[in-house]
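Here is how the chains run, residue by residue.
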Amino acid sequence: LREHEEFTKVKNIATIELGRYEIETWYFSPFPPEYNDCVKLYFCEFCLNFMKHKEQLQRHMKKCDLKHPPGDEIYRSGTLSMFEIDGKKNKVYGQNLCYLAKLFLDHKTLYYDVDLFLFYVLCECDDRGCHMVGYFSKEKHSEESYNLACILTLPPYQRKGYGKFLIAFSYELSKKEGKVGTPERPLSDLGLLSYRGYWTRVLLDILKKHKGNISIKELSDMTAIKAEDILSTLQSLELIQYRKGQHVICADPKVLDRHLKAAGRGGLDVDVSKLIWTPYK
Ligand code: ACO
Ligand code: ZN
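Residue numbers restart at each chain and count upward from 1, following the sequence in its written direction. Just so you know, chain letters begin at A and ligand numbers begin at 1, following the order they were written in. The predicted origin of the model limits local features to residues at a pLDDT of at least 70 and limits the giving and counting of side-chain atom pairs to 80 or more, whereas totals for whole chains, interfaces and linings rest on all residues.

Q: Could you give an account of the overall build of the protein, naming the residues involved and the relevant values?
A: In this description a helix means any DSSP run of H or I spanning at least four residues, a strand means any run of E spanning at least two, and both kinds are numbered starting from the N terminus. Helix and strand counts for the protein come out as 8 helices and 13 strands. Over its C-alpha atoms the protein spans a radius of gyration of 20 Å, differing by no more than 12% from the 19 Å that the globule rule assigns to 281 residues. Taken along the three principal axes of its C-alpha coordinates, the protein extends 65 × 40 × 35 Å. For the protein, the proportion of its 281 residues judged to be buried stands at 33%. Sequence-distant contacts, at least 24 apart, represent 55% of the contacts inside the protein between residues at least 6 apart. Note on method: radius of gyration uses C-alpha positions; expected globular size equals 2.2 Å times residues raised to 0.38. Three exposure classes are used. Buried residues have 20 or more other C-beta atoms within 10 Å of their own C-beta, exposed residues have 12 or fewer, and partly exposed residues fall in between, all C-beta atoms being placed from the backbone. Contact between residues is assigned whenever the C-beta positions, reconstructed from backbone atoms, fall within 7 Å.

Spelled out as structure tokens, the structure:
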């Protein structure tokens with residue numbers, strides 16, 4: 001946490017309350033001016049409206065009738081659910097989510113134009129409702145083939161595999177669209193670590209299965225990972241040689257096994273059979 005705080009500009013909100021958690025913030029977020037004098041904000045964990053006082057939140061919770069994000073549940077497996085929220089149909093929710101997320105995202109500009117985005121919110125569900133764990137946003141139409149704009153796992157849920165689940169989910173959506181995708185740049189240090197981890201795990205598994213006899217293009221078609229990201233990942237693993245002006249995969253079985261052993265946990269898997277979704281038109 002300390003390293004993050006070094007880069008913080010003028011951090012206004014120091015902590016937030018969200019569901020059963022009190023969370024220390026990492027970065028500045030441009031809340032409307034009337035919140036400038038607040039050090040703590042109270043969020044409704046379902047509609048993400050934020051308030052200055054605990055009593056306001058308590059009153060709000062009595063009348064807020066949401067028990068999950070205001071969108072379509074497009075995935076459910078066990079206690080995990082994913083909701084898709086259209087920023088145009090749920091503008092206030094989209095804006096609230098951006099204000100909240102910016103508290104943990106550094107070099108990201110906040111888009112007020114939430115109309116142009118879809119939000120995919122991951123929840124852990126129990127008998128009290130569906131509690132937000134993290135999310136990613138996605139442009140409805142991306143010129144640059146971005147399949148993810150911003151990604152966040154809320155701090156109390158980090159390092160449990162949810163980040164890789166969200167990344168895997170973004171690629172499953174790309175597969176359904178029949179497109180390759182890549183995350184919007186720049187990536188944060190934690191973002192890059194998570195992506196590198198995901199790409200490495202996915203590519204090593206396929207290389208192992210195909211005994212290395214596969215091209216970058218074929219890998220890209222199978223995974224929806226953009227060729228450049230495949231190349232940079234395999235280069236960092238020293239599995240690429242440059243021969244006669246071409247990049248070729250050289251996957252020595254021993255080297256593969258060594259990398260596979262070192263690669264992180266697989267994380268939480270996306271069960272594609274439980275994804276009910278058609279691409280945005
Ligand atoms: N220290 C070292 N490695 C880490 C850390 C950490 N604190 N956090 C994640 N990693 C690496 C690990 O390699 C980990 O895999 P492993 O546990 O198998 O070793 C891998 O990242 C992914 O871990 P997950 O548990 O799947 O990811 P998590 O749920 O923690 O979420 C995320 C990752 C979303 C990047 C989270 O750290 C976060 O929300 N950070 C703040 C916001 C942010 O930086 N988002 C990315 C910005 S870039 C963009 O939005 C396009
Ligand atoms: Zn509410």
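Q: How would you explain the pairing of strand S5 (residues 72-77) if you had to name every residue and give the values?
A: Whether two strands pair comes down to DSSP finding at least two bridges between them. Two elements, S5 and strand S6 (residues 80-86), share 5 bridges in a ladder whose sense is antiparallel. Paired with Tyr75 across the strands is Met82, a residue of S6. Between S5 and S6, which pair antiparallel one after the other, the connecting turn spans 2 residues, and Gly78 there sits at a positive phi close to 60°.

Q: Tell me about the environment of Leu190, residues and numbers included.
A: Within the element layout of this structure, Leu190 appears in helix H5 (residues 189-209). As a C-alpha pair, Leu190 and Gly163 span 27 residues in sequence and 9.8 Å in three-dimensional space.

Q: Now, about the packing of H5 against helix H7 (residues 227-236): what can you tell me, with residues and values included?
A: Lines are fitted to the C-alpha atoms to define the axes, a helix being fitted only along its stretch in contact, and any angle between axes, read from their N-to-C directions, falls within 0 to 180 degrees. In the contact formed by H5 and H7, the axes pass within 10 Å of each other and the chain directions differ by 85°. Considering the angle they form, H5 stands roughly perpendicular to H7. The residues of H7 that touch H5, namely those facing Arg196, Trp199, Thr200 and Leu203, are Asp229, Ile230, Thr233 and Leu234. When residues are grouped by polarity, Ala, Val, Leu, Ile, Met, Phe, Trp, Tyr, Cys and Pro land in nonpolar, Asp, Glu, Lys and Arg in charged, and all others, Gly among them, in polar. Counted by class, the contact of H5 with H7 contains 4 nonpolar, 2 polar and 2 charged residues. The labels follow the angle: roughly parallel below 35 degrees, roughly antiparallel above 145, roughly perpendicular from 65 to 115, and oblique for the rest.

Q: Run through the site of ligand 1, naming residues and quoting values.
A: Near ligand 1 you find 26 residues, and of these Thr153, Gly163, Ser188, Gly191 and Gly264 are the closest. When residues of the shell around ligand 1 are traced back to their parent elements, those giving at least two are strand S10 (151-153), helix H4 (162-177) and H5. Considering each element in turn, the shell around ligand 1 owes the most residues, 5 residues, to H5. Of the residues in the shell around ligand 1, the class split is 11 nonpolar, 10 polar and 5 charged. The criterion for a residue being near a molecule or strand is a backbone-placed C-beta atom within 6 Å of that molecule or strand.

Q: Now, about the environment of Gly181: what can you tell me, with residues and values included?
A: For Gly181, the position within the fold is in the loop between H4 and strand S11 (182-183). A count of 22 C-beta atoms within 10 Å places Gly181 in the buried class. Between the C-alpha atoms of Gly181 and Tyr42, which are 139 residues apart in sequence, the distance is 36 Å. Setting aside its immediate chain neighbours within four residues, Gly181 contacts Ser145, Tyr146, Asn147, Ser170, Tyr171, Ser174, Ala224 and Lys226.

Q: Explain H7 residue by residue, including any values.
A: Of all the positions in H7, only Asp229, Ile230, Thr233 and Leu234 are classed as buried. Projected down its long axis, H7 shows its buried positions confined to an angular sector of 125°, all on one face. In this structure, H7 carries Glu228 and Ser236 as exposed residues pointing more than 90 degrees from its buried face. On the buried face of H7, the contacting elements are S11, H5, helix H6 (216-223), strand S12 (240-243) and strand S13 (246-249). Phi turns positive one or two residues past the end of H7, at Glu238, with a value near 60°. Note: the arc covers the axis-to-C-beta directions of the helix.

Q: How would you summarise the sheet that holds strand S7 (residues 117-126) if you had to cite specific residues and measurements?
A: Strand order across the open sheet formed by 5 strands is S5-S6-S7-S8-S10, with antiparallel pairing between neighbours. The two strands at the open ends of the sheet, each matched to only one other strand, are S5 and S10. Sheet twist, expressed as the average angle between the axes of neighbouring strands with direction ignored, equals 20°. Relative to strand S8 (residues 129-139), S7 runs antiparallel, the two sharing 10 bridges. Bridged to Phe119 within S8 is Ser137.

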